Amino acid sequence: MVADLDDARALLSTARAHVRSAELVADADPDGAYALLYDAARKGLTALLQAQGLRPTSRGGHVAVQEVIRAQFTQPPPRDAFRAFARMRTTRHTVEYAPRSTVTSDDVVADLSVVRRLLDVADLIVDRLDVFV
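Bear in mind that the values here come from a model prediction, so they are computed numbers and not experimental data.

Asks: Which parts of the structure should I look at to understand the environment of Ile-69?
Replies: For Ile-69, the location among the structural elements is in helix H3 (residues 61-72). Ignoring anything within four residues of it in the chain, the contact list for Ile-69 reads Leu-45, Leu-48, Leu-49 and Phe-82.

Here you go:
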């Protein structure tokens, strides 16, 4: 994969749109809102990989994004901003695959600020990342 800052920025923009959408439907559809919120976080982190010329595959999937980000960003503030992704991935898995979800609009509201912070940090560092060769 070729590093592409324009594509990385487009992913960050899409992620921000997902956050706005999640906020709008949090009360009416908490499961859908949480899925959007999780996708926003995933796309935000994937944007960082895109800027480096990396791409998660279907084999590693969302866990690969989590592991690569955790391995690369070991110091605050990125580490702290990105840490919640693992928890969110587990919650989203429950939303998608459990017979009944326990996610509420309060859960969505609580993670809105978490994902906004993740995206803010991603925005700050996306232009400064080295390309993997």
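Asks: Help me out: how do you make sense of the packing of helix H5 (residues 84-97) against helix H6 (residues 105-125) in this one?
Replies: A pair of packed helices can be characterised by two numbers: the angle between their axes and the separation between those axes. Two elements in contact, H5 and H6, have axes whose closest approach is 11 Å; the angle formed by their N-to-C orientations is 135 degrees. Between H5 and H6, the angle falls in the class oblique. Both H5 and H6 take part in a crossing whose hand is left-handed. Residues Ala-84, Arg-87 and Met-88 of H5 lie in contact with H6, whose contacting residues are Asp-111, Val-114 and Val-115. Here the contact of H5 with H6 is built from residues that sort into four nonpolar, no polar and two charged.

Asks: Before we go on, may I ask you to explain the nonpolar core in this structure?
Replies: Nonpolar side chains in soluble globular proteins tend to end up buried together. Among the nonpolar cores identified, the biggest contains 36 residues, and Leu-37, Leu-45, Leu-48, Ile-69, Phe-82 and Val-115 are the most heavily contacted of them. The element contributing the most residues to this core is helix H2 (residues 30-52), with 11 residues. For Leu-45, the residues in contact, after removing those within four places along its chain, are Val-65, Ile-69, Phe-82, Phe-85 and Leu-118.

Asks: I would appreciate a short explanation of the pattern of salt bridges in the present structure.
Replies: A full pass over the atoms with the stated rule returns 10 salt bridges. Two residues, Asp-123 and Arg-16, come together in a salt bridge whose shortest N-O distance is 2.6 Å. Of this pair, Asp-123 sits in helix H6 while Arg-16 is found in helix H1 (residues 5-25), placing the two residues 107 residues apart along the sequence. For Arg-16, a relative accessible area of 23% puts it in the partly exposed group.

Asks: When you look at the packing of aromatic side chains in this model, what are you seeing that I'm missing?
Replies: Two numbers describe a pair of aromatic rings. These are the distance of the centres and the angle of the planes. Applying the stated criterion across every chain yields a total of two aromatic pairs. Seen in terms of ring centroids, Tyr-38 and Phe-85 are 5.3 Å apart; in terms of plane orientation they differ by 15 degrees. Their pairing is stacked. With a gap of 47 residues between them, Tyr-38 in helix H2 and Phe-85 in helix H5 connect regions that are remote in the sequence. The class for Tyr-38 is buried, based on a relative accessible area of 0%. For Phe-85, a relative accessible area of 2% corresponds to the buried category.

Parameters and conventions
- Residues numbered from 1 in each chain as written.
- Predicted model: local features only at pLDDT ≥ 70, side-chain atom pairs only at ≥ 80, totals over all residues.
- Heavy atoms only, no water.
- Helix = DSSP H or I, 4+ residues; strand = E, 2+ residues; numbered from the N terminus.
- Contact = heavy atoms within 4.5 Å.
- Axes fitted to C-alpha atoms, helices over the stretch in contact; angles between N-to-C directions.
- Parallel < 35°, antiparallel > 145°, perpendicular 65-115°, else oblique.
- Left-handed = near helix turned anticlockwise from the far one by under 90°.
- Nonpolar A, V, L, I, M, F, W, Y, C, P; charged D, E, K, R; others polar.
- Core = buried A, V, L, I, M, F, W, Y, C linked by side-chain atoms within 4.5 Å.
- Buried < 20%, exposed > 50% of the residue type's maximum accessible area, 1.4 Å probe, protein only.
- Salt bridge = Lys/Arg side-chain N within 4 Å of Asp/Glu carboxyl O.
- Phe/Tyr/Trp six-rings, centres within 6.5 Å; stacked < 30°, edge-to-face > 60°.

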